[in-house]
Amino acid sequence: MKKELIKSKSNFNNPLKKTPFYEKFSSQMTQGYWYDWSGYKAASIIQDQELEYFAIRSTTSLFDISPLIKYRIKGKDTEKFLNKLTVRNVILQKNNTVQYTLWCNDDGHVLDDGTLFKFSEFDYRLCCQERHLPWLLDTAIGFDIELFEETDLVAGLSIQGPTSASVLNNAGLSIINTLKPFDFVTIKKNILISRTGFTGDLGYEIFLPNQLANNFWDKIWEAGKYLGIKAIGFNALNIARVETGFIVANSDFITAEHAIRNNRTRNPDEIGLSWMVDMSKPFFNGKDAIVKIRKNNLSKYVFAALEIDGKEPADGAIIYHDKKHEVGIITTATWSPTAKKSIALASMKLPYGQKIKSNLWVEIYALRELEYYKMMKKVSIVKTPFVKLKRRTLTPPLKN
Amino acid sequence: MNSQHKNYDVIIIGAGHNGLVNACYLQKAGLNVLVLEKNDWIGGAAVSRELTPNILYSNCSYVCSLFRPEIMRDLELPKHGLQIIGIEGGTTFTQDGRYLANYRNYHSKRREMARFSVKDSEAYERYSRDVTRQCRFIQPLLMRTAPDPASFKSKDIGEIFYLIKQFNELSPDQMAETIRFWTMSISDYLDEYFENDVIKASLALSGIIGTALGPMSPGTAYVLLHHYMGEVDGSIGSWGYARGGMGAITQALSSSFKSFGGELITESEVENILIKNNQAKGVALKNGNEFYSSNIVSNADVKRTFLKLVDDKFLPPSFVKKVKNFKIRGSSGKVNIGLDSMPDFPAVPKGDPCIKGDIHFTDSIERMEKAYDDWKNGTWSKDPFLDMMIPTATDPTMAPPGKHFMSCFVQYCPPKVYGKDWTQEKKEAFGETVIKQIEDYSPGFREKIIHMEIRTPKELEDEVGLTEGNIFQGELTFDQLLFNRPVPGYAQYRSPLKGLYICGSSTHPGGGVMGAPGRNAAIEILKDLKKPTSHARSAYEVI
Ligand SMILES: Cc1cc2nc3c(=O)[nH]c(=O)nc-3n(C[C@H](O)[C@H](O)[C@H](O)COP(=O)(O)OP(=O)(O)OC[C@H]3O[C@@H](n4cnc5c(N)ncnc54)[C@H](O)[C@@H]3O)c2cc1C
């Protein structure tokens, strides 16, 4: 018997997929700085990193968030399922709002953080960095739900910056004026607009069916003509997110599914997200372990936000106590163009960073023309955000 | 006469940015500080003013890059609303209808130059290396009090050694180069690197801006440095806008000052500084009020301070003579314009960002020098050079969407015309010269004008208080820098009178919205008062 041949395209040549906004971003790209975001072609820089940063903080920036991994969860037991999966209480979440959340494995180690969009008690969308289908399906056993990945069906565009509300108004979307931070609204053609973002600035995120992406972009671009609209890449966004004190999975902490070395996993308390954990819930994945960790003080690390003397960025630098003992590492560092400070996110070994907060130093190696300048710089532990902007939360939003 | 008996630790005359920086550092050290400003607005030459409805004008200074990041950090200015945003582009138009754009990307910029001269485009690398070397020498000196070479105090000797050490890091050739550089003309300097007129003209501008010298006058190469050493977020040589106009800087300073508990009163022009037994005692205002303190700091320029606010009889004659000799000639004017829409520049491809930066219409050093000849003859340049910018193409907060504020810095423009006072008629003719030049490159420009403000050195003197309208409170030539600024023997913010200090751009390290004079002066005052100075961080090292 002759076997039926199934024709499929080779994946060899196309490790990175194009997003629905790819043509729009690539047409503006001048130097070809692409990177791999979860298997999608994403821009690091469109034209000029600094100017892209200033679009976020002074006008309006457009960033492609289509590669976010998206799961849709529907059905009778959706809330029960999510309350088991995540550490926060989804029953308290209002319809048409977004909840920043995280979920753990049974050891209380963080699997990922993400955002949860609640359409109704029977319908949610979960957005995150990593792919989690096996864990989600395992957790779903026994619940009457439907769960599927919709990453490739839904395009996403983040519109951030002080003139972003004006841009959306110009585009006829005055409906956004009543949105408070974390609210969202779904308008016709299934376009979702949330007042969320990764910048700590005034801003919105749009999720829409792929086939609407091009037209929507054109409309927004036209609306932003006099409002300084600019397409941006991740490098600029990354500065803004550090200024806000937001962490990124597998950059500021290693997710449990990725950690090969067993001391690399982290519980929520160790990455600064203990406030999320709702211990009043009868059960959630990892709860027993977290109870034990807290009772016996088993946490070994603490998240810290640092201000560093001088102006050299301290990426990857080791943190010392008394200039002698190693007490932590900087996970992300940047010069903050808005705060005019050298800032960093760090993971510190307890009790440093919690009980011992003074006499802390970082060693910075600044490479200049093939020679290092070694510097010991004083650091101070501060509260996030490094940059606090009133316009982020004002409702109705400011015009510029 | 109404005298106020509350005693202040320090009274500062003038709410220019340096006065405010000074005030912040003193107040933060726990002193009780009063700032008195003559105008009903604050900021001196760093202001944003709504001169026509809904359009804010940076009607004096218009770009920011010299302002020290250390000061922004110490005084938490970002928290008080200050945001500096980077500028894109820049272009020089030529009389034969071409343009030379300046881009932030190195290769775009190089290719642009290559359209005019391939050799020059490759020489640019060497040129910028050499200028950067000079910057590295001068930068660390900005946030230090200049040493007094005549003094035998250990601090001064230490500072002189610091200078020598800086200098010693250069090779003998580089030392010779540095000395040449500080005294050379910008034209000669550029000739050593470049052959093309347009390229040279585009680079020469920073050598003469704000200076009563032409591109062929010795000393102008240093002026270039003064403009080159600015930075935005560590990128040396780039310029930025203060979001909301230059007034955003002084508004943030004033908010910071008040948050430390400081007091500021506007519409309070100081008429004279009260002196008793060689010691400052207070100030008397034009409106009859008096305020008392044994520490008075003047933010006004050195001439205004010592020739107008202090009675001659209290000062040593040799000092008065030196102050009189201080060069503070007014050489620039400004035309500030509100526009109905973005002007067109047909020479530039549509959508090119080069017109978002500084726009120039002077395509040869010769034309610059001719412009200077007019000034020497006593009148404004008939073919002036403009440093023109449209901040609203970048900053969305200064005008409604689609409308614009345009800033035209104009050189040269004298404080008097052929020795006679400016009249309304002459002022308009001066404005017309500027409009006409722009119109040559931007057809239809005139129809877009909603409102216009013309400022000659006379307005700068009357409104901002800058003697002769000199934008830097004194020229930035080598004979008036470091330990010679403002005058030899008094380069450390002190004066012959006890308790009388000076903190404006007339002092080291000079003009521009930099904040360093105000900060350095604060440190000297705090030392005299035996107060801590640890809240003023040292300059970031230049590595
Ligand atoms: C037209 C123009 C364009 C410029 N462009 C730039 C630029 O783009 N970038 C840049 O970095 N620099 C620029 N400069 C230079 C820069 O603006 C100045 O060097 C700087 O602002 C001076 O600050 P200051 O605090 O030293 O003095 P000022 O700003 O001169 O402040 C002095 C203050 O004292 C007040 N005062 C004076 N006398 C009295 C009195 N008797 N009683 C009470 N108050 C008094 C004045 O009203 C004023 O507020 C420009 C200047 C001008 C004029």
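Because the structure is a prediction, the values reported are computed rather than measured.

Visitor: Help me understand the interface of chain B and chain A in this model?
Guide: One frequent convention defines the size of an interface as the accessible area lost when the parts assemble. Tallying the contact residues gives 26 residues for chain B and 33 residues for chain A. Of the roughly 2,500 Å² buried between chain B and chain A, counting both surfaces, carbon and sulfur atoms make up 53%. In this structure, the connection of chain B to chain A is made through five salt bridges. As a salt-bridge pair, R537 of chain B and D309 of chain A come within 3.2 Å of each other at their nearest N and O atoms. Along the contact surface separating chain B from chain A lie 10 residue pairs in polar contact (both at pLDDT 80 or more). At the level of elements, α2 (69–74), β6 (84–86) and β9 (231–232) of chain B are the ones that each hand at least two residues to the side of chain B that touches chain A. Broken down by element, the residue count for the side of chain B that touches chain A peaks at three residues, all from β6 of chain B. Grouping the constituent residues of the side of chain B that touches chain A by class yields 11 nonpolar, six polar and nine charged.

Visitor: How should I be thinking about helix α9 (residues 220–228) of chain B in this particular structure?
Guide: All names here are of chain B. Among the nine residues in α9, nine count as buried, and that is most of the element. Of the positions making up α9, those classed as buried are T220, A221, Y222, V223, L224, L225, H226, H227 and Y228. Buried positions along α9 lie against α4 (118–138), α6 (172–183), α7 (186–191), α8 (197–208) and β10 (235–236).

Visitor: Got a minute to help me understand the pattern of salt bridges in this structure?
Guide: For side chains of opposite charge, pairing can occur when their charged atoms come near one another. Residue and element names in this part refer to chain B. Inspection of every chain in the model, using the stated rule, returns 53 salt bridges over all chains. Two residues, D373 and K376, come together in a salt bridge whose shortest N-O distance is 3.4 Å. Here D373 pairs with K376, and both are found in helix α13 (residues 365–376), just three residues apart, close to one helical turn. Relative accessible area serves as the criterion here: at 30%, D373 is assigned to the partly exposed category. You can call K376 partly exposed: its relative accessible area is 47%. Between R455 and E453 there is a salt bridge, with the nearest N and O atoms lying 3.3 Å from each other. Note on accessibility: R455 and E453 belong to one class, buried.

Visitor: Which parts of the structure should I look at to understand the side chain of E307 of chain A?
Guide: Here E307 of chain A shows up in strand β14 (residues 301–308). On the accessibility criterion, E307 of chain A (17% relative accessible area) is buried. A distance of 3.2 Å separates a polar atom in the side chain of E307 of chain A from a polar atom in the side chain of K341 of chain A. In this structure E307 of chain A touches K341, S342, I343, K378, V379, S380, V382 and F386 of chain A together with R73 of chain B, once residues within four positions along its chain are discounted.

Visitor: When you look at the packing of aromatic side chains in this model, what are you seeing that I'm missing?
Guide: How two aromatic rings sit relative to each other is given by the distance of their centres and the angle of their planes. Residues and elements named next belong to chain B. Scanning the entire structure with this criterion turns up 41 aromatic pairs over all chains. Centroid distance Y193 to F194: 6.1 Å. Interplanar angle 40 degrees. Geometry classified as tilted. This pair shows no difference in class: Y193 is buried, exactly as F194 is. An aromatic cluster of three or more residues is present, and its members are Y124, Y127, F181, Y189, Y193 and F194.

Visitor: Please explain the sheet that holds strand β6 (residues 110–120) of chain A as it appears in this structure.
Guide: As a general point, the strands of a sheet are linked pairwise by backbone hydrogen bonds and lie either parallel or antiparallel. Residue and element names in this part refer to chain A. As summarised here, the arrangement of the five strands in space is β5-β6-β7-β4-β8, forming an open sheet in which the pairing is antiparallel. Strand pairing shows two members of the sheet lacking a second neighbour, β5 (97–104) and β8 (146–149), which therefore form its edges. Between one strand axis and the next, the sheet turns by 25 degrees as a mean value, whatever way the strands run. Bridge analysis of β6 against strand β7 (residues 123–128) gives six bridges, and the strand direction is antiparallel. Paired with G114 across the bridge in β7 is C128.

Visitor: Any chance you could explain the environment of V410 of chain B here in plain terms?
Guide: Residue and element names in this part refer to chain B. Counting through the fold element by element, V410 comes out in strand β20 (residues 404–411). Between the C-alpha atom of V410 and that of I12, which follows or precedes it by 398 residues, the distance is 31 Å. Residue contacts for V410: discarding those within four places in its chain leaves S331, S332, G333, K334, V335, P384, F385, L386, F430 and V434.

Visitor: I'm lost on a nonpolar patch on the surface in this one. Help?
Guide: Residues and elements named next belong to chain B. Taken together, the side chains of F152, I157, F161 and I164 define a hydrophobic patch exposed on the protein surface, amounting to about 450 Å² of accessible area. Relative to the helices and strands, I164 resides in helix α5 (residues 154–168). Looking at I164, the relative accessible area reads 39%, which means it is partly exposed.

Visitor: Could you clarify how one ought to interpret the nonpolar core in this entry?
Guide: Proteins that are soluble and globular tend to have nonpolar side chains buried together. Grouped together as the largest cluster of nonpolar side chains are 126 residues, with contacts concentrated most on F67, L82 and Y127 of chain B. Once residues lying within four places of it in the same chain are set aside, the contact partners of L82 of chain B are T338 of chain A together with F67, M72, L77, A242, A248, I249 and A252 of chain B. One finds F25, V185, F216 and W217 of chain A within the second-largest nonpolar core, a separate group that totals 33 residues.

Visitor: Would you take a moment to explain the packing of α8 of chain B against α9 of chain B for this structure?
Guide: Two numbers describe a pair of packed helices, the interaxial angle and the distance between the axes. All names here are of chain B. Where α8 contacts α9, the axes come no closer than 6 Å and their chain directions differ by 90 degrees. Compared by their axis directions, α8 and α9 come out roughly perpendicular. Facing L203, S206, G207 and I208 of α8, the residues of α9 in contact are T220, V223, L224 and H227. Looking at the contact of α8 with α9 residue by residue, the classes come out as four nonpolar, four polar and no charged.

Visitor: How do you make sense of the environment of V348 of chain B when you look at a structure like this?
Guide: Residue and element names in this part refer to chain B. By the element assignment, V348 lies in the loop between β17 (332–339) and β18 (358–360). Residues V348 and K420, 72 residues apart in the sequence, show an inter-C-alpha distance of 41 Å. Once you skip the residues sitting within four places of it in the chain, V348 turns out to touch F93, Y99, C354 and I355.

Visitor: Honestly, helix α8 (residues 287–295) of chain A in this entry has me stumped. Any pointers?
Guide: All names here are of chain A. Within α8, the full set of buried residues consists of K287, A289, I290 and I293. Seen along its axis, α8 keeps its buried residues to an arc of 155 degrees; they face one direction. Across α8 from its buried face, at more than 90 degrees, point the exposed residues D288, K292 and K295. Two residues or fewer after α8 comes N297, characterised by a positive phi angle close to 50 degrees.

Visitor: Help me understand the packing of helix α3 (residues 106–114) of chain B against α4 of chain B, please; the structure alone is not making it clear to me.
Guide: All names here are of chain B. In the contact formed by α3 and α4, the axes pass within 7 Å of each other and the chain directions differ by 145 degrees. Between α3 and α4, the residues in contact are Y106, K109, R110, M113 and A114 and V118, D120, S121, Y124 and E125, respectively. Of the residues assigned to the contact of α3 with α4, the class counts are five nonpolar, one polar and four charged.

Visitor: Got a minute to help me understand the site of the ligand in this structure?
Guide: Residues and elements named next belong to chain B. Lining the immediate environment of the ligand, one finds 37 residues, of which N18, E37, A45, S505 and G512 sit closest. Backbone polar atom of V63 to a nitrogen atom of the ligand: 2.9 Å apart, as the coordinates give it. A distance of 3.0 Å separates a nitrogen atom of the ligand from a polar backbone atom of V270. Burial of the ligand by the protein amounts to 98% of the accessible area it has alone, namely 1,000 Å². Along the lines of polarity and charge, the residues of the shell around the ligand split into 17 nonpolar, 15 polar and five charged.

Visitor: What's the story with the sheet that holds strand β15 (residues 318–321) of chain A in this structure? I'm lost.
Guide: Residue and element names in this part refer to chain A. In space, the six strands of this closed barrel follow the order β14-β17-β16-β15-β18-β19, with antiparallel pairing throughout. Each strand of the sheet is rotated relative to its neighbour by a mean of 40 degrees, with strand direction disregarded. Two strands pair when backbone bridges link them, and β15 and strand β16 (residues 325–336) are joined in this way by four bridges, in the antiparallel orientation. Following the sheet pairing, I319 is matched in β16 by G328. Each of β16 and β17 (341–349) is contacted by helix α7 (residues 234–244), which is oriented at about 125 degrees to β16, the strand it contacts most.

Visitor: Is there a simple way to think about the domain arrangement of chain A in this case?
Guide: All names here are of chain A. On domain assignment, one finds that chain A holds domain 1 (16–68 + 152–244) and domain 2 (300–385). A separation of 31 Å is found between the C-alpha centroids of domain 1 and domain 2. Between domain 1 and domain 2, the buried area comes to about 740 Å², and carbon and sulfur atoms account for 66% of it. Counting across the interface, domain 1 meets domain 2 through zero salt bridges. Counting across the interface, domain 1 meets domain 2 through four residue pairs in polar contact (both at pLDDT 80 or more). Here the side of domain 1 that touches domain 2 takes six residues from α7, the largest share from any one element. Across the side of domain 1 that touches domain 2, the residue classes break down as four nonpolar, two polar and three charged.

Conventions we followed
Residues numbered from 1 in each chain as written. Chains lettered and ligands numbered in written order. Predicted model: local features only at pLDDT ≥ 70, side-chain atom pairs only at ≥ 80, totals over all residues. Heavy atoms only, no water. Contact = heavy atoms within 4.5 Å. Buried area = accessible area lost by both parts, 1.4 Å probe. Salt bridge = Lys/Arg side-chain N within 4 Å of Asp/Glu carboxyl O. Polar contact = N/O pair within 3.5 Å; in protein donor to acceptor, adjacent residues only side chain to side chain. Helix = DSSP H or I, 4+ residues; strand = E, 2+ residues; numbered from the N terminus. Nonpolar A, V, L, I, M, F, W, Y, C, P; charged D, E, K, R; others polar. Buried < 20%, exposed > 50% of the residue type's maximum accessible area, 1.4 Å probe, protein only. Phe/Tyr/Trp six-rings, centres within 6.5 Å; stacked < 30°, edge-to-face > 60°. Pairing = 2+ DSSP bridges. Axes fitted to C-alpha atoms, helices over the stretch in contact; angles between N-to-C directions. Patch = residues over 30% accessible without salt bridge, like charges linked within 9 Å, V, L, I, M, F, W, Y side chains within 5 Å. Areas by Shrake-Rupley, 256 points an atom, 1.4 Å probe, with all protein chains shown as cover. Core = buried A, V, L, I, M, F, W, Y, C linked by side-chain atoms within 4.5 Å. Parallel < 35°, antiparallel > 145°, perpendicular 65-115°, else oblique. Arc of directions from axis to C-beta. Near = heavy atom within 4 Å. Domains from an automatic or database assignment.

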